Amino acid sequence: MPGLLRGVARTAVIAGTATAVSNRVSRRQGGRWAQQDAQQQQQQEQQQAAAAPPPPAAPPPADDMTAKIEQLKQLSTLKEQGVLTEEEFAEQKRRLLG
């Protein structure tokens with residue numbers, strides 16, 4: 001009986017140690033993967049920011065109001081498509097009407 005108890009105790013210690021090591025390795029790998037994902041996402045955001053087209057330059061001032069209205073419509077379309085942000089749209093509109 002003492003040999004059986006000793007074998008069970010030894011198995012329990014080995015299993016506990018293996019579980020602890022496995023959990024630690026899993027946490028470490030999870031941290032590394034999370035860090036790699038964050039780096040990849042940051043790189044993708046930087047690439048998208050670099051690849052984003054610059055906002056359209058304001059055309060030369062036109063005396064004709066219909067030309068300005070057409071340009072405002074084009075800017076609005078670009079904003080709706082997500083090419084221009086709200087701030088960029090406001091800046092272009094200010095340049096156009098200013």
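This text goes with the structure placed above it.
Presented here is a report on the structure given in the accompanying data block. Note that this is a predicted model, so its numbers are computed, not measured.

## Brief notes about the overall build of the protein chain
For step 1, the next point in the chain: The secondary structure content of the protein chain amounts to 3 helices and 0 strands.
For step 2, the next point in the chain: Listed N to C, the secondary structure of the protein chain is α-α-α in terms of helices and strands.

## A look at helix α2 (residues 65-81)
For step 1, the next point in the chain: Compared with an ideal rise of 1.5 Å per residue, which puts 17 residues at 24 Å, α2 spans 25 Å between its outermost C-alpha atoms and is within 8% of the ideal.
For step 2, the next point in the chain: Those residues of α2 that sit buried are Lys68, Gln71 and Leu75. The buried residues of α2 occupy one face: seen down the axis, they fall within an arc of 65°. Exposed residues lying more than 90 degrees from the buried face of α2 are Gln74, Glu80 and Gln81.
For step 3, the next point in the chain: Elements in contact with the buried residues of α2: α3 (86-97).
For step 4, the next point in the chain: Positive backbone phi, approximately 90°, marks Gly82, located one or two places after α2.

## A few points about a nonpolar patch on the surface
For step 1, the next point in the chain: On the surface, Met1, Leu4 and Val8 cluster together to form a nonpolar patch covering roughly 380 Å² of accessible area.
For step 2, the next point in the chain: Structurally, Leu4 can be placed in helix α1 (residues 2-51).
For step 3, the next point in the chain: Residue Leu4 is classed as exposed on the basis of its relative accessible area of 57%.

## Observations concerning the packing of α2 against α3
For step 1, the next point in the chain: α3 packs onto α2 with a crossing angle of 175° between their chain directions and a minimal axis gap of 10 Å. In terms of their interaxial angle, α2 and α3 are classed as roughly antiparallel. Contacts between α2 and α3 involve Lys68, Gln71, Leu72, Leu75, Ser76 and Lys79 from the former and Glu86, Phe89, Gln92, Lys93, Leu96 and Leu97 from the latter.
For step 2, the next point in the chain: Broken down by class, the residue content of the contact of α2 with α3 amounts to 5 nonpolar, 3 polar and 4 charged.

## A look at the packing of aromatic side chains
For step 1, the next point in the chain: Taken as a whole, this structure holds 0 aromatic pairs when the rule is applied.
For step 2, the next point in the chain: Sitting above the plane of the Phe89 ring, Lys79 keeps its charged end 4.7 Å from the centroid.

Analysis parameters
- One numbering rule holds for all chains: residues counted from 1, following each sequence as written.
- This being a predicted model, a pLDDT of at least 70 is required before a residue's local features are given, and a value of 80 or more before pairs of side-chain atoms are given or counted; all residues contribute to the totals for chains, interfaces and linings.
- Calculated side-chain values reflect all of the structure's heavy atoms, with hydrogen atoms and water omitted.
- Under the scheme used here, helices are H or I runs from DSSP no shorter than 4 residues and strands are E runs no shorter than 2 residues, and both carry numbers assigned from the N terminus.
- What a helix is expected to span follows from its residue count: subtract one and scale by 1.5 Å.
- Exposure categories follow from relative accessible area, calculated using a 1.4 Å probe and restricted to protein chains: below 20% of the type maximum is buried, above 50% is exposed, and the middle band is partly exposed.
- Arc definition: directions from the helix axis to the C-beta atoms.
- In this description, contact between two residues means that some pair of their heavy atoms is separated by no more than 4.5 Å.
- Surface patches are drawn from residues lacking salt bridges whose relative accessible area is over 30%; two like charges belong together within 9 Å, two nonpolar side chains (Val, Leu, Ile, Met, Phe, Trp, Tyr) within 5 Å.
- The protein chains shown are the only cover counted for residues, whose accessible areas, like all others here, come from Shrake-Rupley with a 1.4 Å probe.
- Any carboxyl oxygen of Asp or Glu within 4 Å of a side-chain nitrogen of Lys or Arg constitutes a salt bridge here.
- For helices, the fitted axis covers only the stretch in contact; all axes are lines through C-alpha atoms, and the angles between them, taken along N-to-C directions, range from 0 to 180 degrees.
- Roughly parallel refers to an angle under 35 degrees, roughly antiparallel to one over 145, roughly perpendicular to one between 65 and 115, and oblique to any angle outside these ranges.
- Amino acid classes used here: Ala, Val, Leu, Ile, Met, Phe, Trp, Tyr, Cys and Pro are nonpolar; Asp, Glu, Lys and Arg are charged; the rest, including Gly, are polar.
- Geometry of aromatic contacts follows a simple scheme: Phe, Tyr and Trp rings, the Trp one being its six-membered ring, pair when their centres are within 6.5 Å, and the pair is stacked under 30 degrees between planes, edge-to-face over 60, tilted otherwise.
- Any Lys NZ or Arg CZ that is within 6 Å of a ring centre and within 35 degrees of that ring's normal is treated as a charge sitting over the ring.

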